[in-house]
Amino acid sequence: MNILKVQGGKELEGRVKISGAKNSAVALLPATLLCDESVNLLNVPDISDTVALFDILSYLGAKITNLGEESYKIDVSNIENKPITDEMSNKLRASYYFMGALLGKYKKAVVSYPGGCSIGSRPIDLHLKGFESLGAKIEYEENNIIISAEELKGSNIYLDFASVGATINIMLAAVKADGTTIIDNAAREPEIVNIAMFLNSMGAKITGAGTSTIRIKGVKNMHSSVHEVIPDRIEAGTYTIIGALVGKNLKIYNIIPEHIEALTSKLKEMGANIEIGPDYLVITKKDEYKPVNVKTLVYPGFPTDLQQPFSVLLSRCRGKSTVEETIFENRFMHLPELRKMGMVVSLDETVATFIGPNELNAAIVNATDLRAGASLVTAALAAKGVTTITNIEHILRGYEGLVEKLQDVGAKIKIEEI
Ligand code: UD1
């Protein structure tokens, strides 16, 4: 088992390059299946989630060539539509994108239930209803969901919730359907725009991505293309929060600042030392901040994925701050761990209340999920003493080169095998 050891209290100075977005890459990789030829994807992060997706693509018959510098050629001209079994799909949440991609290409997908972080019940009913609306039949056999259609026909789909996964999955299923599909109350996250641009670069006809109404006019063929994964706004946000705690002119670069505006405007409200450039920001810590209230919302609101690392910063706020989680039911599993490190926080259903300032001290803590793990790394960097974090495979699923990036700016952090 691997653990992380973090000696806290070091000032971090230098530059952190942000990688390609996990949540884009994990949809772009399954989306390559819709191509008739081969595609080149650039800026693909090397994290265990993308490794798992490459494995599934290879299993289906894709020929993958690593072109270096995070670029890959993926030749999908000889794919066989085989079932994606439990052990493949439960490694990550995004395996559900094979449902939309295989359905879109072959009118049939057999995919087992997806895995991913346990942060609530995480149903996929909106994905499946979307497929049904396009004419697909859904059947269940042991652990598999079998989605099949004689014909996929464009249709009008209203999402009860602006789900990221459902919006992307329906786009994937609809690009080759007959006629036009309209997704209303679509999610507007930047990752959705990135996927739509990729599909369009292969010949799809999608308009409105990034707004609440997406129109997809079905096409017959999808050709080769070259496409780049956008920078990871959640990784950028996490390092920015770390900078607000322990940074000294810490430069976070290769970012799209607009994508993390909900965070940076909160930081400004708290009184942070932050300078924002065209594709970078520079942040220096302060010992004390003004208290704030944060509510997670769909994009462009405050991202639920940053709620957990952001909580740590509230230990530096004098007085009462609150965090309300509105997207997932069970995304406060980091709080008992942060309490072990000295944070004063209480939880009332969906609202966590923090009373600060609190001194953070090292402890042995457990990463229950990806972003909970990110919050523990953040806390450990600011704490006195050496913190041990267990269950770190959750963290490595989503942060490329976390240890190296932090070491490069002066952190004392290492992975140990026990
Ligand atoms: C994606 C991201 C995740 C992020 C989340 C919200 C990926 C791989 N993961 O997750 O990092 O935290 O967006 O920004 O991109 N829901 C339903 N039925 C459905 C689908 C969703 O009830 O069919 C509910 C979920 O339980 C949740 C809410 O809608 O409460 C948001 O889920 P969704 O936007 O779909 O998130 P994911 O795609 O799972």
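What counts and how
- Residues numbered from 1 in each chain as written.
- Predicted model: local features only at pLDDT ≥ 70, side-chain atom pairs only at ≥ 80, totals over all residues.
- Heavy atoms only, no water.
- 1 Å grid on protein atoms, 1.4 Å probe; cavity = no way out; pocket = protein on both sides within 12 Å on 5 of 7 lines; lining within 4 Å.
- Points joined across faces, edges and corners; volume = space filled by probe spheres on them.
- Helix = DSSP H or I, 4+ residues; strand = E, 2+ residues; numbered from the N terminus.
- Nonpolar A, V, L, I, M, F, W, Y, C, P; charged D, E, K, R; others polar.
- Pairing = 2+ DSSP bridges.
- Axes fitted to C-alpha atoms, helices over the stretch in contact; angles between N-to-C directions.
- Contact = heavy atoms within 4.5 Å.
- Phe/Tyr/Trp six-rings, centres within 6.5 Å; stacked < 30°, edge-to-face > 60°.
- Buried < 20%, exposed > 50% of the residue type's maximum accessible area, 1.4 Å probe, protein only.
- Lys NZ or Arg CZ within 6 Å of the ring centre and 35° of its normal.
- Expected span 1.5 Å × (residues − 1).
- Core = buried A, V, L, I, M, F, W, Y, C linked by side-chain atoms within 4.5 Å.
- Salt bridge = Lys/Arg side-chain N within 4 Å of Asp/Glu carboxyl O.

Before going further, it helps to examine the layout of surface pockets. Of the pockets and cavities examined, the largest pocket occupies roughly 930 Å³. Of all the secondary-structure elements, those providing two or more residues to the lining of the largest pocket are helix 1 (22–31), helix 5 (125–133), helix 6 (164–174), helix 8 (233–246), helix 10 (304–313) and helix 12 (370–382). Tallied by class, the residues present in the lining of the largest pocket amount to 21 nonpolar, eight polar and 13 charged. One number sums up the size of the second largest pocket: a volume of about 230 Å³. Considering the residues around the second largest pocket, the lining is formed by 14 residues, among which Arg316, Glu359, Leu360, Ala382 and Ala383 are closest to the centre. Grouping the amino acids of the lining of the second largest pocket by side-chain chemistry returns five nonpolar, three polar and six charged.

This part covers the sheet that holds strand 4 (residues 63–68). Sheet architecture is open: four strands sit in the order 4-5-3-13, paired in mixed fashion. Only two strands of the sheet have a single partner each, and these edge strands are strand 4 and strand 13 (225–228). Along the sheet, successive strands turn relative to each other by an average axial angle of 20°, direction set aside. In terms of strand pairing, strand 4 meets strand 5 (residues 71–75) through five bridges, oriented antiparallel. Within strand 5, the position partnered with Lys63 by the bridge is Asp75.

Attention now goes to the environment of Tyr280. One can find Tyr280 in strand 16 (residues 280–284). For Tyr280 and Val16, which are 264 residues apart along the polypeptide, the C-alpha to C-alpha distance reads 9.7 Å. For Tyr280, the residues in contact, after removing those within four places along its chain, are Lys251, Ile252, Tyr253, Ile255, Pro257 and Glu275.

Across all of its chains, the model carries three aromatic pairs by this definition. Note on Phe302 and Phe310: the rings are 5.2 Å apart at their centroids and 65° apart in plane angle, and the pair reads as edge-to-face. Accessibility classification places Phe302 together with Phe310 in one group, the buried group. Positioned over the ring face of Tyr59 is Lys82, at 4.3 Å from the centre of the ring.

Moving on, we come to helix 7 (residues 190–201). In this model helix 7 runs 17 Å from its N-terminal to its C-terminal C-alpha over twelve residues, within 8% of the 16 Å that 1.5 Å per residue would give. Among all positions of helix 7, only Pro190, Glu191, Ile192, Asn194, Ile195, Ala196, Phe198 and Leu199 are buried. Gly203, located one to two residues past helix 7, shows a positive phi value of around 115°.

What follows deals with the sheet that holds strand 7 (residues 137–141). The antiparallel open sheet is built from three strands, whose spatial order is 6-8-7. The open sheet has two edge strands, strand 6 (108–112) and strand 7, and neither has a second partner. Across this sheet, the average inter-strand angle for adjacent strands is 20°, counted without regard to direction. Two strands pair when backbone bridges link them, and strand 6 and strand 8 (residues 144–148) are joined in this way by five bridges, in the antiparallel orientation. Bridge pairing in strand 8 places Ser112 opposite Asn144. Relative to strand 6, helix 4 (residues 97–106) is tilted by about 160°, and along the sheet it contacts strand 6 and strand 8. With respect to the sheet, helix 5 is in contact with strand 7 and strand 8, its orientation differing from that of strand 7 by roughly 130°.

Below, the discussion takes up unusual backbone geometry. Along the chain, Tyr299 connects to Pro300 via a cis peptide bond; the corresponding omega equals 10°. Within the secondary structure, Pro300 sits in the loop between strand 17 (293–295) and helix 10. Across the junction of Gly356 and Pro357, the peptide omega takes the value 0°, indicating a cis bond. With respect to the helices and strands, the residue Pro357 is situated in the loop between strand 20 (351–356) and strand 21 (364–366). Residues other than glycine seldom take positive phi values, yet Asn185 does so here, at roughly 55°. Within the secondary structure layout, Asn185 lies in the loop between strand 10 (180–184) and helix 7. For Asn185, a relative accessible area of 24% puts it in the partly exposed group. Backbone geometry at Asn249 places phi at a positive 50°, although glycine is not the residue there. Here Asn249 falls in the partly exposed class, since its relative accessible area comes to 48%.

If you look at the biggest cluster of nonpolar residues, it comprises 77 residues, and the most contacted ones within it are Ile74, Phe98, Met171 and Leu199. Excluding residues within four positions of it along the chain, Phe98 makes contact with Pro30, Leu33, Leu53, Ile56, Leu57, Leu60, Ile84, Leu103, Ala109 and Val111.

For the rest of this paragraph, the subject is the pattern of salt bridges. One pass over the full model with this rule turns up 14 salt bridges. Of the charged contacts in the structure, one is a salt bridge between Glu288 and Arg318, with a shortest N-O distance of 2.7 Å. Of this pair, Glu288 sits in the loop between strand 16 and strand 17 while Arg318 sits in the loop between helix 10 and strand 18 (319–324), placing them 30 residues apart in sequence. Salt bridges here are not isolated pairs; linked through shared partners, they connect Lys22, Asp49 and Arg397.

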